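Take a look at the letters that make up each chain.
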Amino acid sequence: MGSTKTNAGNYFEDFKLGQVLHHATPRTITEGDVSLYTALYGGRFALQSADSFAIDCGLQAAPVDDLLVFHVVFGKTVPDISLNAVANLGYADVRFLAPVLPGDSVQTSSEVIGLKENSNGKTGVVYVRSTGTNQMGEVVLDYVRWVMVHKKDKDAPAPKPVVPDLPGVVDPATFALPMDLNFGNFDATLSGSPHFFEDYEVGEKIDHVDGMTIEEAEHMMATRLYQNTAKVHFNAHMMKDDRMGRRLIYGGHIISLVRSLSFNGLGNAMLIAGINGGSHTAPTFAGDTIYAWSEVLDKSDLLGRNDAGALRIRTVGVKNKNGSDFPDTGEDGKRDPNVVLDLDYWVILPKSTV
Amino acid sequence: MGSTKTNAGNYFEDFKLGQVLHHATPRTITEGDVSLYTALYGGRFALQSADSFAIDCGLQAAPVDDLLVFHVVFGKTVPDISLNAVANLGYADVRFLAPVLPGDSVQTSSEVIGLKENSNGKTGVVYVRSTGTNQMGEVVLDYVRWVMVHKKDKDAPAPKPVVPDLPGVVDPATFALPMDLNFGNFDATLSGSPHFFEDYEVGEKIDHVDGMTIEEAEHMMATRLYQNTAKVHFNAHMMKDDRMGRRLIYGGHIISLVRSLSFNGLGNAMLIAGINGGSHTAPTFAGDTIYAWSEVLDKSDLLGRNDAGALRIRTVGVKNKNGSDFPDTGEDGKRDPNVVLDLDYWVILPKSTV
Amino acid sequence: MGSTKTNAGNYFEDFKLGQVLHHATPRTITEGDVSLYTALYGGRFALQSADSFAIDCGLQAAPVDDLLVFHVVFGKTVPDISLNAVANLGYADVRFLAPVLPGDSVQTSSEVIGLKENSNGKTGVVYVRSTGTNQMGEVVLDYVRWVMVHKKDKDAPAPKPVVPDLPGVVDPATFALPMDLNFGNFDATLSGSPHFFEDYEVGEKIDHVDGMTIEEAEHMMATRLYQNTAKVHFNAHMMKDDRMGRRLIYGGHIISLVRSLSFNGLGNAMLIAGINGGSHTAPTFAGDTIYAWSEVLDKSDLLGRNDAGALRIRTVGVKNKNGSDFPDTGEDGKRDPNVVLDLDYWVILPKSTV
């Protein structure tokens, strides 16, 4: 007798507008996770690297990297939201709302904010707003993602289509920087970059120069660290019969890698305040070498602060080809096939003119 | 002049009945070890994942995974017990007697409780009861294992054969659950499984569905983390001339992997109370994908508690073949050659009827 | 428009005698880093393995492995000192001056103490004394290294040549052991070796027996953990066009690996007090198996202590060949081509005669 106690995940018709899903597996993020994150990506942003630097910036201790928080909060949604997903279509309105310190415990819930069945009657798009909270119930991260999910029963009736109105860009007026953060005595020698907020211009492009090759052991360890259970990342035996023929790397692994590479040119981008959107434009596999380049899309002052400003950055990840000629979508509308990630986000830099 | 300061290990004739070996290398288990353990296996059992969840269950903090404790305690015995082993024959009466919290320091001693020379006069079987203790001297783990060990001198006299009387099954009356543990307010949403003790039936089989491929870097990092020094796991140069032709994966790595896979179907199996026995029925190598299925062998109430019960589980690990048809020993007595592990153990689940 | 905000590193003519460079990226070394270090090398030296053992030796907690401190302090110098290096020529006068405990934040500065342009006019040798300090400003590590660096402009005038006078051997009178350290009750059972300071003789050679194979994921995780950014270790895409054809392993990874292997024969070598010099005599690559052997070069008492002494050790790392016949430079002056590391250093061992 076989049992049915395993998680089959939710199908399109299982989601209801306004439904709130409380996701499993709360997670205490520790210094151990921070060390692994450093070992996996080699990050050098000073605020996350040293308690001493963070204390000099007014914080109690080095905060956990924003993207590590993102991956942990995101990982919890996979069993409920995207186990039966055809594709992860997009993110929007990603806002980091409170710092996470080692020792904090994080959990995630999601509200269904949109549903739209596809015309084929076999799949539909589910929009969720996911919220990560800490052990005090404070929201640390809030974001929207939408995924295309299989229907289990093609005859299940289509819901009334609701597509949420999402901001194309997170409004800097909604940023929530850590309250005690103060870049008044920012040490740009220790941070490793002499370039402050004022030194960047809209339209400026930066080739981040360095490249990093990914191994199977690395992306699997990362993805397990985030307790992300999507099968495609772990099971070579299953994937050899897939169209890809091999394990697919979690898209978030590439986001973290390009963020780390972006240090060389954006070394003072101390925090990610928000992510406006992102596309994984091509799959990546073990053995691929990832490069990155960035473009400054916009600049913004911050309400009530004169020690820091926000840069809206577009960082493009490229595989097996360096970023020296800024591989991108050409004038003919064709995207360079080596481009694997196109990420649009806001970073916080100190101002030099305090 | 070459020195002889390296450890040659003990041979069969070096062991004496009643002898107590105090093993080297005490080890503080930290949050760093816990994070690595998560990165290596992807565990999602809520009690070990989050301090917040553990506190809601009456504990001070998330306890260290039982199997991580097992591997660390076990690793210390290798240089003294099994450096000259032909084969690791079995385990019995494995009992987890006190929780280990990050920061605790563990050490191990072993008593020789049985000796039996083999009729070939070249090897013998050594039975030891190994005990892991923390920095306060409290026993955290106690177990018996027996190994076949080479004699150094074939002419050494055979000891009087003594084979200890070992329980085939750990008696639930001897379980020692953490004193403060209380599942009275167990949150089965956060734990990720709606299935309580009462929901499982003896004879029920569960295919755990997911598969995970193992890389060389992963099993070696795990085995070094446990300070297990068995050469066969680390030395490709030596192993290429071995019958196997390559590095062999530590059997404990497979135990931890199938335990992690078993979450999908046994998500509320919060603790391992004891291990009744286990066999590594075939070797595993890097590149193998491990699947698992389980069978409920027995159920037991727990003395003096109405919030939890124990399930006796048999979990079978299978390589490069999924568990959907429960690969096992057939009626002809032939074991499926893809079966690599057969583990018999007790897990603690909350009751729904508190 | 491309920007020039990336770090181009310093060229030979950028260095001035007496110049002090404050390196970027302070780093808090945590229990997470310690666990990763164990997972990467499998160290078993008891003092670093367990708080309980360290407390019995008079310390507050297990100190961070000396070589982990070295790698972190060293890593910070790479972007400023050796990004344009042709070769890392040597180390001297490496002294560990204060223990680092988990939670300490380390940063590095370097003073240029020598400059000598090569006769080709294209490169020069830069000598720096690098100093690692903790968050209290205490020096934890001090060492000299010299590297051959490219000139950017061949017509830049040569500086007055200054070659510092460096000690061939660190003077034991300058050692700075942790003040509270006391081996009066040293437990040689728990430490795993019965061999004390008095048991070693000058001229004695020890084959450390064990071998360990290195994977790409391992050396890259290690090198990123140290925030060492040298491109040759990470970028397979770039290196496939290099003379080597593949990623080169960070020399410090081999130092840590042979130190770990040396436990089998030098198990009571509790601390490294200083490094006299070291040469990476051949490159290592993923897939290589590393063995090691050691020779006792000298012995020294320690000023004001009768519980410990210092052994001057030469440890030789060998790839893909075991150390049983002590591979070395022959009488014909030809070095065994499998030798990859020749390290000369001082270790501290307890005395048995306290």
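### Re the overall build of chain A
Now for step 1: Summing up its helical and strand segments, chain A has nine helices and twelve strands in all.
Now for step 2: For a compact globule of 354 residues, the expected C-alpha radius of gyration is about 20 Å, and chain A comes in at 20 Å, within 12% of that figure.
Now for step 3: Summarising its shape, the C-alpha atoms of chain A cover approximately 65 × 45 × 40 Å along the three principal directions.
Now for step 4: Split into buried and exposed, the 354 residues of chain A put 58% on the buried side.
Now for step 5: Put simply, of all contacts in chain A between residues at least 6 apart along the chain, 79% involve residues at least 24 apart.

### What to know about the packing of helix 1 (residues 31-41) of chain A against helix 7 (residues 216-225) of chain A
The axes of two packed helices give the description: the angle between them and the distance between them.
Residues and elements named next belong to chain A.
Now for step 1: At a minimum axis distance of 11 Å, the contact between helix 1 and helix 7 shows a crossing angle of 155°. Viewed along their axes, helix 1 and helix 7 adopt a mutual orientation that is roughly antiparallel. Regarding helix 1 and helix 7, the two cross each other, and that crossing is left-handed. From helix 1, Asp33, Leu36 and Leu40 reach across to helix 7, where they touch Glu218, Met221, Ala222 and Leu225.
Now for step 2: In terms of residue class, the contact of helix 1 with helix 7 is built from five nonpolar, no polar and two charged.

### Some remarks on the relation of the copies chain A and chain C
Now for step 1: Of the transformation superimposing chain A on chain C, the axial component is 0.0 Å and the angular component is 120°, with the fit at an RMSD of 0.0 Å. Interpreted geometrically, this transformation is the action of a three-fold axis. When C-alpha distances to the rotation axis are compared across chain A, the minimum falls at Gly32(A), with a value of 2.2 Å.
Now for step 2: Little of the interface of chain A is mirrored in chain C: 15% of its interface residues are interface residues there too.

### Points about the domain arrangement of chain A
Residue and element names in this part refer to chain A.
Now for step 1: Split by domain assignment, chain A resolves into domain 1 (14-163) and domain 2 (191-354).
Now for step 2: On the side of domain 2, 27 residues touch domain 1, which itself brings 27 residues to the contact.
Now for step 3: Taken together, the residues of the side of domain 1 that touches domain 2 sort by class into 15 nonpolar, six polar and six charged.

### Some points on the interface of chain A and chain B
Interface size is commonly expressed as the accessible area that is lost once the parts come together.
Now for step 1: Listed per partner, the contact involves 34 residues of chain A and 41 residues of chain B.
Now for step 2: Listed by contribution, the elements that provide at least two residues to the side of chain A that touches chain B are strand 2 (27-28), helix 1, strand 4 (105-117), helix 7 and helix 8 (236-239) of chain A.

### Looking at helix 9 (residues 251-261) of chain A
Since the α-helix packs 3.6 residues into each turn, any two residues three or four apart lie on the same face.
Now for step 1: Across the eleven residues of helix 9 of chain A, eleven count as buried, placing the element largely inside the fold.
Now for step 2: Among all positions of helix 9 of chain A, only Gly251(A), Gly252(A), His253(A), Ile254(A), Ile255(A), Ser256(A), Leu257(A), Val258(A), Arg259(A), Ser260(A) and Leu261(A) are buried.

### A short note on the interface of chain A and chain C
Now for step 1: On the side of chain C, 34 residues touch chain A, which itself brings 41 residues to the contact.
Now for step 2: Every element with two or more residues in the side of chain A that touches chain C is listed here: helix 1, helix 2 (46-49), helix 3 (51-56), helix 6 (188-191), strand 7 (205-207), strand 8 (212-213) and helix 7 of chain A.
Now for step 3: The biggest single contributor to the side of chain A that touches chain C is helix 1 of chain A, with nine residues.
Now for step 4: Residues that form the side of chain A that touches chain C fall into these classes: 14 nonpolar, 18 polar and nine charged.

### Some points on the pairing of strand 5 (residues 123-133) of chain A
Residue and element names in this part refer to chain A.
Now for step 1: Among the eleven residues in strand 5, nine count as buried, and that is most of the element.
Now for step 2: Across ten bridges, the pairing between strand 4 and strand 5 is antiparallel. Across the sheet, valine 112 pairs through a bridge with valine 128, a residue of strand 5.
Now for step 3: Hairpin connection between strand 4 and strand 5: a loop of five residues separates the two successive antiparallel strands, and glycine 121 in this loop has a positive phi of roughly 70°.
Now for step 4: Summarising the sheet, strand 5 and strand 6 (residues 139-150) pair through eleven bridges and their orientation is antiparallel. Bridged to glycine 132 within strand 6 is leucine 141.
Now for step 5: Hairpin geometry of strand 5 and strand 6 is characterised by an intervening segment of five residues between the two adjacent antiparallel strands and by a positive phi of about 85° at glycine 137.

### With respect to the pairing of strand 9 (residues 271-280) of chain A
Every regular strand shows the same layout, with side chains that alternate between the two sheet faces.
Residue and element names in this part refer to chain A.
Now for step 1: With respect to burial, strand 9 is a largely interior element, nine of its ten residues being buried.
Now for step 2: Inspection of the sheet shows strand 3 (residues 85-96) paired to strand 9 by two bridges, in the antiparallel sense. Directly across from arginine 95, in strand 9, lies its bridge partner glycine 274.
Now for step 3: Alignment of strand 9 against strand 12 (residues 339-350), held across eight bridges, turns out to be antiparallel. Looking at the pairing, isoleucine 275 lines up with tyrosine 345 of strand 12.

### Here we look at unusual backbone geometry
All names here are of chain A.
Now for step 1: Of note in the backbone geometry, phenylalanine 326 takes a positive phi value of approximately 50° without being a glycine.
Now for step 2: Structurally, the position occupied by phenylalanine 326 is in the loop between strand 11 (305-319) and strand 12.
Now for step 3: Phenylalanine 326 sits in the partly exposed class, given 15 other C-beta atoms within 10 Å.

### Description of the nonpolar core
Now for step 1: The biggest cluster of nonpolar side chains holds 303 residues, and the ones touching the most others in it are Val126(A), Val347(A), Val126(B), Val347(B), Val126(C) and Val347(C).
Now for step 2: With near-sequence residues (within four places) excluded, Val126(A) lies in contact with Phe12(A), Phe15(A), Ile81(A), Val112(A), Leu115(A), Trp146(A), Val147(A) and Val149(A).

### What to know about the environment of Asp33(A)
Now for step 1: Position of Asp33(A) relative to the elements: it lies in helix 1.
Now for step 2: For the pair Asp33(A) and Leu68(A), spaced 35 residues apart in sequence, the C-alpha to C-alpha distance is 8.5 Å.
Now for step 3: Those residues in contact with Asp33(A) that sit more than four places away from it in its chain are Leu68(A), Leu225(A) and Ser35(B).

Reading the values: rules and limits
- Residues numbered from 1 in each chain as written.
- Chains lettered and ligands numbered in written order.
- Predicted model: local features only at pLDDT ≥ 70, side-chain atom pairs only at ≥ 80, totals over all residues.
- Helix = DSSP H or I, 4+ residues; strand = E, 2+ residues; numbered from the N terminus.
- Rg over C-alpha atoms; globule rule 2.2 N^0.38 Å.
- Buried ≥ 20, exposed ≤ 12 C-beta atoms within 10 Å, placed from the backbone.
- Contact = placed C-beta atoms within 7 Å.
- Axes fitted to C-alpha atoms, helices over the stretch in contact; angles between N-to-C directions.
- Parallel < 35°, antiparallel > 145°, perpendicular 65-115°, else oblique.
- Left-handed = near helix turned anticlockwise from the far one by under 90°.
- Nonpolar A, V, L, I, M, F, W, Y, C, P; charged D, E, K, R; others polar.
- Least-squares fit on C-alpha atoms with pLDDT ≥ 70 in both.
- Domains from an automatic or database assignment.
- Pairing = 2+ DSSP bridges.
- Core = buried A, V, L, I, M, F, W, Y, C linked by C-beta atoms within 7 Å.

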